[in-house]
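A look at the structure
Each chain is listed here by its residues.
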Amino acid sequence: MLRAVRSAGLPKGHLIWRSMASEAAPSASIDGPVTAAIKEKLTARFEPAVLQLRNDSSKHAHHQAMRGVSSQETHFAVTIVSDAFKGQNLVNRHKSVYEVLGEEFKAGLHALSITAKTTEEWSALEK
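Residues numbered from 1 in each chain as written. Predicted model: local features only at pLDDT ≥ 70, side-chain atom pairs only at ≥ 80, totals over all residues. Heavy atoms only, no water.

Here's the deal with the pairing of strand β4 (residues 75-81)
Counting buried positions along β4 yields seven of seven residues, so the element is predominantly enclosed. Residues of β4 alternate between two faces, with His-75, Ala-77, Thr-79 and Val-81 on one and Phe-76, Val-78 and Ile-80 on the opposite face, all of them buried. Relative to β4, strand β3 (residues 50-55) runs antiparallel, the two sharing six bridges. Paired with Gln-52 across the bridge in β4 is Thr-79. Sheet topology places β4 next to strand β5 (residues 111-117); seven bridges connect them, and they run parallel. Across the sheet, Phe-76 pairs through a bridge with Leu-112, a residue of β5. (Buried < 20%, exposed > 50% of the residue type's maximum accessible area, 1.4 Å probe, protein only. Helix = DSSP H or I, 4+ residues; strand = E, 2+ residues; numbered from the N terminus. Pairing = 2+ DSSP bridges.)

Quick look at the side chain of Asp-56
Within the secondary structure, Asp-56 sits in the loop between β3 and β4. A distance of 2.8 Å separates polar atoms of two side chains, one belonging to Asp-56 and the other to Arg-54. The contact partners of Asp-56, leaving out residues within four places of it in the chain, are His-75, Phe-76 and Ala-77. (Polar contact = N/O pair within 3.5 Å; in protein donor to acceptor, adjacent residues only side chain to side chain. Contact = heavy atoms within 4.5 Å.)

Structural notes on the packing of helix α1 (residues 33-46) against helix α2 (residues 90-100)
Contact pair α1 / α2: the axes reach a minimum separation of 10 Å and the direction vectors enclose 125°. When the axis of α1 is compared with that of α2, the two are oblique. Considering only the axes of α1 and α2, their crossing is right-handed. Contacts from Lys-41, Leu-42, Arg-45 and Phe-46 in α1 reach Ser-96, Val-97 and Val-100 in α2. When its residues are assigned to classes, the contact of α1 with α2 shows four nonpolar, one polar and two charged. (Axes fitted to C-alpha atoms, helices over the stretch in contact; angles between N-to-C directions. Parallel < 35°, antiparallel > 145°, perpendicular 65-115°, else oblique. Left-handed = near helix turned anticlockwise from the far one by under 90°. Nonpolar A, V, L, I, M, F, W, Y, C, P; charged D, E, K, R; others polar.)

With respect to the nonpolar core
Core analysis: the biggest nonpolar cluster contains 17 residues, and Ile-38, Leu-42 and Val-97 have the highest contact counts within it. Counting only elements with at least two residues in this core, the list comes to α1, β3, β4, α2 and β5. When residues in this core are grouped by element, the largest group, four residues, is from α1. Not counting residues within four places of it along the chain, the set of residues in contact with Leu-42 comprises Glu-47, Pro-48, Leu-51, Val-78, Ile-80, Val-97, Val-100 and Leu-101. (Core = buried A, V, L, I, M, F, W, Y, C linked by side-chain atoms within 4.5 Å.)

A short note on the environment of Leu-109
The residue Leu-109 is located in the loop between α3 (102-106) and β5 in this model. Measuring from C-alpha to C-alpha, the distance between Leu-109 and Val-34 comes to 7.8 Å, with 75 residues separating the pair along the chain.

Concerning α1
Look at α1: 20 Å from first C-alpha to last across 14 residues, which is about the 20 Å you get at 1.5 Å a residue. Just downstream of α1 lies Glu-47, where phi reads positive at about 45°. (Expected span 1.5 Å × (residues − 1).)

Next comes the structure, spelled out in structure tokens:
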């Protein structure tokens, strides 16, 4: 799993990507085109304080719908923390993430599990 964290020394919107070694698969250190696009688009649109992205595609490769699909980037889980979600309910938060990734869904992204929080909500969870 890859995690983006904002460093105090970087300007707003600039993130450091860190590998979560305990959860990362050996091949997770090399981003494919879908992973890179998701990170880039979500970062540009939401300027997240936290962005965690996990590729779960290998867990679903045996499913009927995935037979004959050669992509290794079809299923993801994302946790995104951004104040852009202030005032939005859960459905609208998810819609806004799906809208940003519309091209990826058209190109073969099959499933996306989303956790979308504001920084205030995230801070409350960490206590």
